[in-house]
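Examining the three-dimensional arrangement
Here is what each chain is made of, one letter per residue.
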Amino acid sequence: MKHLLSIDDLSTDDIHQLFETAADMHDVQRREVKKLPALRGRTVVNMFFEDSTRTRSSFEIAGKWLSADVINVSAKGSSASKGESLRDTVLTVCAMGVDGLVIRHPASGAAVQVSEWVDAAVVNAGDGMHEHPTQALLDAYTLQRHLGSLEGRHVAIIGDLTHSRVFRSNVQCLTRLGARVTVVAPPTLMPSGIVAWSAAAGFETSYDVDAVLPDADAVMMLRVQRERMSGAFFPSAREYTVGYGLTRNRLALLKPDVPICHPGPMNRGLEIAADAADAAQSVVLEQVSSGLAIRMAVLYHLLAGSPEGGIA
Amino acid sequence: MSLVIKGASLLGEGPADLFIDDTGTFVDIAPSGAETIDAAGLVALPGLVDLHTHLREPGREDAETILTGSQAAALGGYTAVLAMANTSPVTDTAEAATRVWELGREAGLVHVQPVGAVTRGLAGEELAELGLMHRSRAGVTVFSDDGKCVHDARVMRRALEYVKAFGGVVSQHAQDPSLAGPSACCHEGELSGRLGLPGWPGIAEEVIVARDVMLARHTGSRLHVAHVSTAGSVEVLRWAKAQAGRDGHWDVTAEVTPHHLLLTSDLLAGYDPTFKVNPPLRPQEDVEALRAALADGTIDAVATDHAPHARHDKEHAFVDAAFGMLGLETALGVVRTALPDLSWADVARVMSVTPARIAGLADQGRPLAPGSPANVVLVDPDASVTVDRDASASLSRNNPWHGRSLSSRVVHTVYAGRLTVRDGALAQAGAHSS
Ligand SMILES: [Zn+2]
């Protein structure tokens, strides 16, 4: 594996291998001195064309704990507005000698395109509405720690599917690991063509949260982008919460100890009630530490050892 | 300079000789001192006419000029192109239209006929000076805000009414902006869902086509639908043509691009902006419907939507990259490849005769017979060409056919009696004589 652009780049074995490495990295996080020398002399650039303190810091710390030199480039609004092409912007940065490029971009496919232009290993840290593979890996890793194996387990993904790269990566990752996935959203927030897609990819769709929750072994809530609320996708925040929110009443529908994920930042009271966000079975904060372990594992696999990457 | 073309197969029928005198007209007998071209085995068609070309001059001469676009057109077998109005500044005045027309004359390789904007600045609000553009030396008869849809129904109605006074036609880029939003760039369907690209649903085209054919009927005017891309639009057009045929006083025509006849939306899977075009590439079912509609006459013409772009305008994230692909040099090959069973007479109909009629170009799309202006293209029907984007007269390289093999090959092009293309290359001497 040269890049991590999509979950589709990973075999089931690759995913398991990353999880094993992540478990080791998790142990490192508990040490007093958290540094490993694995990426000494390597340079990783975090190139963020869209703000995300959470994801950027996670990659930054992951790189630093592996002893890489990590540089943050905030490219937000820079290139296109100055008339520079994305290709030129990225090539300019990479001309400085970069081994790994972590890219976040508001446009779907940007990381895929960039990977064709540069020599560095590219990690997709979220591209538009397309994918966010490290998020999916950390979600699956977190759930696996709670559920043992994901094989045959039923995961409900609920919320704004249309605009969610987290959903697109997760549905691939979870089904690849043997989970049964049901995605739930109002019809206006289901991606076009999802009927054919779900049939081909082997997941289920539903409009009915209450019917899905009692059977779920894990629940993954997706963020509703507030700016889309009046975009005719649904009538009001109130109606969304009643129809699709993980409310206190719905918590009672869940089997005991069903882990609840959310990629953050949460809209408390909209897609997730405070009671659910803070419930004992909420794994939201654990997702953050898993994220660090997963990103360390990904950088390690891409950049450590032989120049071609791969596990040393 | 007079010309004898020996042994060409006229529209694919038995061989004949064509004689062209020094006024650029087909004549009965060989003029003395004529240059002779051996056209044995070549098919002769009236010079191709493109209803939909973007030449980028004025404003983006780094992407294309009227001269380089004319060269690309000649190499593709064209003798006339309609230059779309979305230049910078927009072709929305008589002066702007005349300037394009003059630059086309100076280039001297094809007839460059300016298309006038329907609305001032393509803003979709006030009518441009349609009548003055028509009265200018350029004699504009086709009007289009192409690149944008005339989406206000009242403005579209007025435009259709207004051009009736001089037999004009409104060429509509059918795209309801509220159904295909500002970032729409991928056929809406399973692929856009998976790729996370903003969807451009077929219905956004179809509702405008349906509305416009009703407006054409209501006004009794001429509507031309640019670059039809969906099976649903074809259904609406089929209905409209049947109705118009009965009523008589309204007239709906439509065009399809070569790329919509051969390329499908799944090419977007790798996010290559070369394949980003507006309207977007559609799935196979639509492609099949478009081919059938072209063959049965529901779609009248093939038009390239030749849209050159500088490299840096394509090297953005897919959503941000410019729309459009090159088409002039490859159009005939694509049509032959997509519809190998189409007769040469039908190729002439959809790529020359009907486009010339729609555009009101009296010298174009004429029979290859004495008395007609000598606009002719000679094609090797058995050859095939592997497209090399670097072997192009266009200043741009956004060529979706790069590396593909296309059927047939344009060998010679004659415009107004002069060879513009000889043996597949620009005939330099002919380019600058008057
Ligand atoms: Zn258009």
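Numbers given to residues run from 1 along each chain, matching the order in which its sequence is written. Chain labels run from A onward and ligand labels from 1 onward, assigned in the order the entries are written. Reporting in this predicted model follows two pLDDT cut-offs: at least 70 for local features of residues, and 80 or more for side-chain atom pairs to be given and counted; totals over whole chains, interfaces and linings ignore these cut-offs and use all residues. Excluded from the side-chain calculations are hydrogens and water; all other atoms, namely the structure's heavy atoms, are used.

**A closer look at the overall build of chain B**
Note the following rule: Note on conventions: DSSP H or I runs of at least 4 residues are helices, E runs of at least 2 residues are strands, and numbering of each starts at the N terminus. Taken over C-alpha atoms, the radius of gyration is set against a globule rule of 2.2 Å times the number of residues to the power 0.38. Throughout this description, buried means an accessible area under 20% of the type-specific maximum (1.4 Å probe, protein chains only), exposed means over 50%, and partly exposed covers the range between. Between two residues, a contact is recorded if the distance between any of their heavy atoms is within 4.5 Å. A 1.4 Å probe and the Shrake-Rupley method give the accessible areas. Residues count as covered only by the protein chains that appear here. Positive charges come from Lys and Arg alone, negative charges from Asp and Glu alone, with His and the N- and C-terminal ends not counted. Note that the charge is assigned to NZ on lysines, CZ on arginines, CG on aspartates and CD on glutamates.
Counting secondary structure elements, chain B contains 13 helices and 19 strands. Since a compact globule built from 434 residues should have a radius of gyration of about 22 Å, the 20 Å found for chain B is in line with a globular shape. Dimensions of chain B, computed from the C-alpha atoms along their principal axes, are close to 65 × 50 × 40 Å. Out of the 434 residues in chain B, the part that is buried amounts to 63%. Sequence-distant contacts in chain B: of pairs separated by 6 or more residues, those separated by 24 or more amount to 75%. Carbon and sulfur atoms provide 51% of the accessible area of chain B, an area that totals close to 15,200 Å². The average position of the 35 basic charges and that of the 53 acidic charges among the side chains of chain B differ by 4 Å.

**A word on the coordination of the zinc ion**
All names here are of chain B. Cut-off, in case you're wondering: Coordinating N, O and S atoms are those within 2.8 Å of the metal (3.2 Å for Na, K and Ca), and as water is not part of the atoms, a site may appear to have fewer donors than expected.
For the zinc ion, the protein coordination sphere consists of D146 (OD), H173 (ND1) and H227 (NE2), at 1.9 to 2.3 Å. Within one chain, the residues serving as donors to the zinc ion are arranged as D-x26-H-x53-H. With H173 in the loop between β10 (169-172) and β11 (186-187) and H227 in the loop between β13 (222-225) and α7 (231-247), this pair connects stretches of sequence that are 54 residues apart. A single burial state applies to H173 and to H227, both of which are buried.

**Quick notes on the UniProt feature "binding site: L-aspartate" (unreviewed entry) in chain A**
Residues and elements named next belong to chain A. Worth spelling out the cut-off: UniProt positions are given in the numbering used here, feature names are shortened, and annotations may be inferred rather than shown by experiment.
Look at the UniProt record and you will see "binding site: L-aspartate" (unreviewed entry) annotated at K82, R165 and R223. Residue position: R165 is located in helix α6 (residues 165-176). Ignoring anything within four residues of it in the chain, the contact list for R165 reads E50, R104, H105, G126, D127, G128, M129, H130, E131 and H132. With respect to the element layout, R223 can be found in the loop between β8 (218-221) and α9 (229-233). Not counting residues within four places of it along the chain, the set of residues in contact with R223 comprises D160, H262, G264, P265, N267 and E271.

**A closer look at the domain arrangement of chain A**
All names here are of chain A. Keep this limit in mind: Each domain's limits were defined by an automated method or a database of domain assignments. Two parts placed together each lose some accessible area; with a 1.4 Å probe, that loss summed over both constitutes the buried area. Salt bridges are defined as contacts in which a side-chain nitrogen from Lys or Arg sits within 4 Å of a carboxyl oxygen from Asp or Glu. Polar contact is defined as a pair of N or O atoms within 3.5 Å, subject to the rule that within protein one atom must be able to donate a hydrogen and the other to accept it, and that residues adjacent in sequence are counted only when both atoms are side-chain atoms. Each residue is assigned to one class: nonpolar for Ala, Val, Leu, Ile, Met, Phe, Trp, Tyr, Cys and Pro, charged for Asp, Glu, Lys and Arg, and polar for all the others, Gly among them.
Per the domain assignment, the segments making up chain A are domain 1 (3-132 + 289-304) and domain 2 (133-284). Taking only C-alpha atoms, the centre of domain 1 and the centre of domain 2 are 25 Å apart. Counting from both sides, the interface comprises 35 residues of domain 1 and, opposite them, 25 residues of domain 2. A per-residue breakdown of the area domain 1 buries against domain 2 is headed by I7, F19 and H132, which together make up 29% of the total. Our count for the domain 1 to domain 2 interface comes out at two salt bridges. Residue E50 is joined to R165 by a salt bridge in which the shortest nitrogen-to-oxygen separation is 2.9 Å. Connecting domain 1 to domain 2 are 15 residue pairs in polar contact (both at pLDDT 80 or more). Elements that contribute at least two residues to the side of domain 1 that touches domain 2 include exactly α1 (12-29), α2 (53-65), β3 (100-105), β4 (121-127) and α13 (284-303). No other element matches α1, which puts eight residues into the side of domain 1 that touches domain 2. Residue composition of the side of domain 1 that touches domain 2, grouped by class: 14 nonpolar, 13 polar and eight charged.

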